[in-house]
Amino acid sequence: MDTSVFKEFTTNINTVDKLNELLTDASEAETTSFASSAKHLSASIKGKVSKKFEEIIRNLEARNELPKSPEDRSKFFEGLKEYLQKLPRISLELAFNPTEKFVNKISNFLKEGSDSTPILDIQVKPNILAGTTIEKDGVFKDYSYTTRLDQILKQKYSQRTNENV
Amino acid sequence: MKTFEEYLRENGEVGHIQSIIQSIVYISGLPKVKPKELVITETGIKGIVQGIEEELVEVLLLSPDKASIGERVARTNDNLKIPVSASFSGRIVNPLGEPIDGSGPIMGEKEERSVFQKALGIKDRVKISDQLDTGVSLVDVMIPLGKGQRELIMGDQKTGKTTFLLQIMTQQAKKNTLCIYVGIGKRSQDAKNVEEYLRKMGVFENCLIVFASSADPASLVFLAPYTGMTMAEYFRDTGRDVLIVLDDLTNHAKFYREISLLSKRMPARESYPGDIFHVHAALLERAGRIKKGDTSVSISALPVIETVQGDLTGYIPTNTMAMTDGHILFDASEYKKGRRPAVNVSLSVTRVGNQTQSQLEHKIRRALVERLNLYKKAQELAHFGFDLPLKTRTDLNVGERLEAVFDQESHTIVPKPAALILLGLVLHDYWASKSIDQVRVERTKLVEAFNKGLFKNIEASFSKVADLVSLDNLIKENEDLFGKVLYSNILTTSKIKEQVERGQK
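Small disclaimer: the values here were computed from a predicted structure and weren't measured. (Residues numbered from 1 in each chain as written. Chains lettered and ligands numbered in written order. Predicted model: local features only at pLDDT ≥ 70, side-chain atom pairs only at ≥ 80, totals over all residues. Heavy atoms only, no water.)

**Overview of the interface of chain B and chain A**
Thought 1: Each partner contributes residues to the interface: chain B has ten residues there, and chain A has nine residues.
Thought 2: For the pair chain B and chain A, the summed buried area comes to about 710 Å², and 53% of that belongs to carbon and sulfur atoms.
Thought 3: At the surface where chain B touches chain A, the tally comes to one salt bridge.
Thought 4: In this assembly, chain B and chain A are joined by five residue pairs in polar contact (both at pLDDT 80 or more).
Thought 5: When contributions to the side of chain B that touches chain A are tallied by element, the ones reaching two or more residues are α1 (4–11) and β1 (14–21) of chain B.
Thought 6: In terms of residue class, the side of chain B that touches chain A is built from four nonpolar, three polar and three charged. (Contact = heavy atoms within 4.5 Å. Buried area = accessible area lost by both parts, 1.4 Å probe. Salt bridge = Lys/Arg side-chain N within 4 Å of Asp/Glu carboxyl O. Polar contact = N/O pair within 3.5 Å; in protein donor to acceptor, adjacent residues only side chain to side chain. Helix = DSSP H or I, 4+ residues; strand = E, 2+ residues; numbered from the N terminus. Nonpolar A, V, L, I, M, F, W, Y, C, P; charged D, E, K, R; others polar.)

**Comments concerning a nonpolar patch on the surface**
Thought 1: A grouping of Leu129(A), Tyr145(A), Leu149(A) and Leu153(A) is seen on the molecular surface, where their side chains present a nonpolar patch of about 380 Å² in accessible area.
Thought 2: Relative to the helices and strands, Leu149(A) resides in helix α6 (residues 145–164). (Patch = residues over 30% accessible without salt bridge, like charges linked within 9 Å, V, L, I, M, F, W, Y side chains within 5 Å. Areas by Shrake-Rupley, 256 points an atom, 1.4 Å probe, with all protein chains shown as cover.)

**A closer look at the domain arrangement of chain B**
Interface size, as often reported, equals the accessible area lost upon joining of the parts.
Thought 1: In terms of domain boundaries, chain B breaks down into domain 1 (4–78), domain 2 (83–101 + 123–356) and domain 3 (360–504).
Thought 2: On a C-alpha basis, the centres of domain 1 of chain B and domain 3 of chain B stand 64 Å from each other. (Domains from an automatic or database assignment.)

**A few points about the nonpolar core**
Residues and elements named next belong to chain B.
Thought 1: Judged by nonpolar contacts, the single largest core of 72 residues is most densely connected at Met 169, Leu 198, Ile 328, Ile 364, Leu 368, Ile 421 and Leu 446.
Thought 2: The dominant element in this core, judged by the number of residues it contributes, is helix α12 (residues 416–427), at nine residues.
Thought 3: The residues that make up this core include at least three from each of domain 2 (83–101 + 123–356) and domain 3 (360–504).
Thought 4: With residues up to four places along the chain from it excluded, the contact list for Leu 446 reads Leu 422, Leu 425, Trp 431, Phe 455, Phe 482, Val 485 and Leu 486. (Core = buried A, V, L, I, M, F, W, Y, C linked by side-chain atoms within 4.5 Å. Buried < 20%, exposed > 50% of the residue type's maximum accessible area, 1.4 Å probe, protein only.)

**Some remarks on the sheet that holds strand β4 (residues 46–52) of chain B**
Residues and elements named next belong to chain B.
Thought 1: What the six strands build is a closed barrel, ordered β1-β2-β5-β4-β3-β6; its pairing is antiparallel. Across the sheet, the axes of successive neighbouring strands diverge by a mean angle of 45°, strand direction being ignored.
Thought 2: Packed on one face of the sheet, α1 meets β1, β3 (37–41) and β6 (72–79) and runs near 70° to β6.
Thought 3: Contacts from helix α6 (residues 249–262) reach β1, β2 (24–29), β4 and β5 (56–61), with the element oriented near 40° to β2. (Pairing = 2+ DSSP bridges. Axes fitted to C-alpha atoms, helices over the stretch in contact; angles between N-to-C directions.)

**Digging into helix α4 (residues 70–85) of chain A**
Thought 1: For α4(A), which comprises 16 residues, the first-to-last C-alpha distance of 22 Å matches the rise-based estimate of 22 Å (1.5 Å per residue) to within 8%.
Thought 2: Within α4(A), burial applies to Arg73(A), Ser74(A), Phe76(A), Phe77(A), Gly79(A), Leu80(A), Lys81(A), Tyr83(A) and Leu84(A). (Expected span 1.5 Å × (residues − 1).)

**Some points on the domain arrangement of chain A**
Residue and element names in this part refer to chain A.
Thought 1: Each domain of chain A was delimited in the assignment, giving domain 1 (4–85) and domain 2 (89–164).
Thought 2: The distance between the C-alpha centroids of domain 1 and domain 2 comes to 35 Å.
Thought 3: Contacts between the two partners involve seven residues from domain 1, matched on the other side by ten residues from domain 2.
Thought 4: Together domain 1 and domain 2 conceal approximately 720 Å² of surface at their shared face, both sides included; 51% is due to carbon and sulfur atoms.
Thought 5: Put simply, domain 1 and domain 2 have one salt bridge between them.

**Regarding the packing of aromatic side chains**
All names here are of chain A.
Thought 1: Inspection of the entire model under this criterion finds 13 aromatic pairs over all chains.
Thought 2: When the ring of Phe 6 is compared with that of Tyr 83, the centres are 5.6 Å apart and the planes differ by 40°; the resulting orientation is tilted. In this pair, Phe 6 is assigned in the segment before α1 (16–35) and Tyr 83 in helix α4, connecting sequence segments 77 residues apart.
Thought 3: For Phe 6, a relative accessible area of 1% puts it in the buried group.
Thought 4: The class of Tyr 83 is buried, set by a relative accessible area of 18%.
Thought 5: With a centroid separation of 6.4 Å and 55° between ring planes, the pair formed by Phe 9 and Phe 76 is classed as tilted. Of this pair, Phe 9 sits in the segment before α1 while Phe 76 sits in helix α4, and the two are 67 residues apart along the sequence. Assigned by exposure class, Phe 9 and Phe 76 land together as buried. (Phe/Tyr/Trp six-rings, centres within 6.5 Å; stacked < 30°, edge-to-face > 60°.)

**Considerations on the sheet that holds strand β4 (residues 139–144) of chain A**
All names here are of chain A.
Thought 1: Here four strands make up an open sheet; going across it, the order is β2-β1-β3-β4 and the pairing mixed. Looking along the sheet, the strands with just one partner apiece sit at the ends: β2 (119–124) and β4. Averaged over all neighbouring strand pairs, the angle between strand axes comes to 15°, with direction disregarded.
Thought 2: Inspection of the sheet shows strand β1 (residues 89–94) paired to β2 by six bridges, in the parallel sense. Each residue of the ladder has a partner; that of Arg 89, found in β2, is Ile 119.
Thought 3: Its contacts with the sheet put helix α5 (residues 100–111) on β1 and β2, and the angle it makes with β2 is roughly 135°.

**Here's the deal with the pairing of strand β13 (residues 242–247) of chain B**
Looking along a regular strand, one sees side chains alternate from face to face of the sheet.
All names here are of chain B.
Thought 1: Within β13, six of the six residues are buried, leaving the element largely enclosed by the surrounding structure.
Thought 2: The side-chain alternation of β13 yields two buried faces, one formed by Val 242, Ile 244 and Leu 246 and the other by Leu 243, Val 245 and Asp 247.
Thought 3: Alignment of strand β11 (residues 178–186) against β13, held across six bridges, turns out to be parallel. By the bridge assignment, Val 182 is partnered in β13 with Leu 246.
Thought 4: One ladder, built from five bridges, connects β13 with strand β15 (residues 295–306); its direction is parallel. Within β15, the position partnered with Ile 244 by the bridge is Ala 301.

**Some points on the pairing of β6(B)**
All names here are of chain B.
Thought 1: The pairing of β1 with β6 spans three bridges and is classified as antiparallel. Counterpart to His 16 in the pairing with β6 is Arg 72.
Thought 2: Bridge count between β3 and β6: four bridges; the pairing is antiparallel. Counterpart to Ile 40 in the pairing with β6 is Ala 74.

Here is the structure:
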């Protein structure tokens with residue numbers, strides 16, 4: 001299946017929350033494909049999905065890129081969900097609740113040099129004090145302040161112990 | 001052991017559990033994980049990497065705690081290690097080295113050893129030359145075992161295999177050999193029975209039980225013999241001889257089959273995994289006799305295989321026969337006849353035990369093989385019911401007395417010198433005119449006297465005895481001592497013996 005059409009759905013999708021909303025919309029649209037006999041899917045899903053999703057479906061219908069039969073539409077949305085699940089994800093732990101602007105800034109930074117926007121899974125953990133931990137494709141990097149503080153304290157303690165000895 | 005967070009920071013890799021099938025989990029992530037590496041979950045559950053696929057890692061979880069989907073997993077960059085120390089002697093532990101006998105933690109400094117060790121090579125090994133005294137006269141004389149030998153114990157269930165093994169453990173523990181009993185997928189009551197037997201015999205302090213019950217996860221049962229062997233290697237490296245009993249490898253194979261089928265590995269013969277031979281062979285290769293400075297130390301292994309209706313041609317029995325230095329077959333028909341131990345001597349084999357025997361023992365064994373064969377033929381003739389010639393009656397007489405001497409109760413240990421003397425008495429017809437019950441009574445008295453040390457002089461003279469004639473002379477020289485123990489004059493018996501000889505002429 002040609003996945004280039006799916007990229008339209010993922011513009012401005014940069015967090016797990018937004019991704020989950022999009023997945024919910026795709027599931028709703030898939031269900032409606034079978035339930036509705038209306039020619040235009042966009043009319044059937046109006047009010048049931050987000051406005052942006054509805055607009056994308058309308059644009060696809062206008063360009064004749066959305067399949068017409070319910071079975072084909074179902075396959076289309078299955079393919080969309082599969083594509084969305086496979087988007088690269090990066091988990092971040094932050095000590096504060098980031099604003100939309102901050103998230104977009106990080107997203108744009110990570111997008112540089114990559115052909116797709118990674119999906120950020122942000123968790124708020126105040127106990128890291130500052131900094132962040134990053135996890136991507138099984139690799140874990142700890143840039144949190146807590147760890148750094150631990151290292152400094154351990155160093156000081158071992159120095160003091162050696163001096164006493 | 002470090003925590004999950006510490007390992008996560010140290011190794012910089014994380015995985016997430018994607019699916020769980022009983023003890024097996026599939027994890028995404030962990031890009032540089034290695035086979036057989038130990039991993040740890042957020043909740044502290046340990047697991048061993050079994051397989052690595054393109055996107056998922058297959059891990060066998062060890063702890064009975066339940067993992068959950070999405071739980072994070074970190075690498076430890078190490079293999080599974082268990083604690084070992086001399087303080088483990090006299091304790092019962094699980095395959096992770098944790099005490100389960102209710103006697104508190106195992107104190108003292110411990111060493112960590114990897115469970116999956118490679119066996120030592122040829123250059124470290126030494127020829128097996130010392131006999132492993134089993135305390136069971138039938139085995140010591142007819143199927144001798146050597147220190148460092150791997151001898152398979154085979155037979156149907158309820159044929160006395162475990163009792164026999166406990167007798168060997170008792171005899172060896174009395175000689176300061178460290179004895180390890182590994183219970184693999186057994187009932188908890190079985191472990192208790194083993195502990196009670198060894199405590200009753202006063203040797204539990206020189207023993208160690210590694211136990212995984214049938215209720216434990218398959219991963220722990222699979223691990224049990226490896227833990228036992230690792231502990232055996234530790235004690236061997238401290239300079240002690242070790243005896244390890246693996247009871248039983250049939251169960252081990254079944255649990256490994258369960259794990260492999262759950263991992264969706266292609267089943268081979270009888271649905272066992274294709275590498276079942278390697279798994280057992282690599283384990284048993286870790287036993288043996290090795291150089292240690294100017295001397296040598298050994299791990300003698302007694303793996304147990306349970307057969308079904310005496311079928312020796314099964315997959316696992318034939319596999320283990322091929323990888324061991326002989327086998328002792330426990331026969332259900334011998335058991336039903338009342339023989340204890342119910343060993344079928346003609347179908348049992350020892351490949352290296354013969355080189356450990358002295359000249360006298362060789363000669364006695366040859367004489368016994370001849371007499372037992374004659375006894376078998378005489379028994380077949382006796383079935384016809386007609387009058388038997390004198391020679392056949394004599395063969396029956398000797399055979400019955402040999403059986404009476406070889407029969408041994410579960411709590412009786414017969415030292416080897418005692419066994420040789422008893423057999424010498426039979427072969428020289430000292431018991432020819434006595435009833436079987438009298439023979440049994442006198443046998444018991446003589447064994448007790450040996451165990452009390454009353455025959456120390458005879459034991460000391462054994463080195464000068466090289467054949468059956470000199471054995472006979474040794475018995476006659478000590479007739480007073482025999483008289484004291486048996487309350488009868490052995491020379492009187494020898495007069496009867498002369499009468500029998502005249503009658504034969």
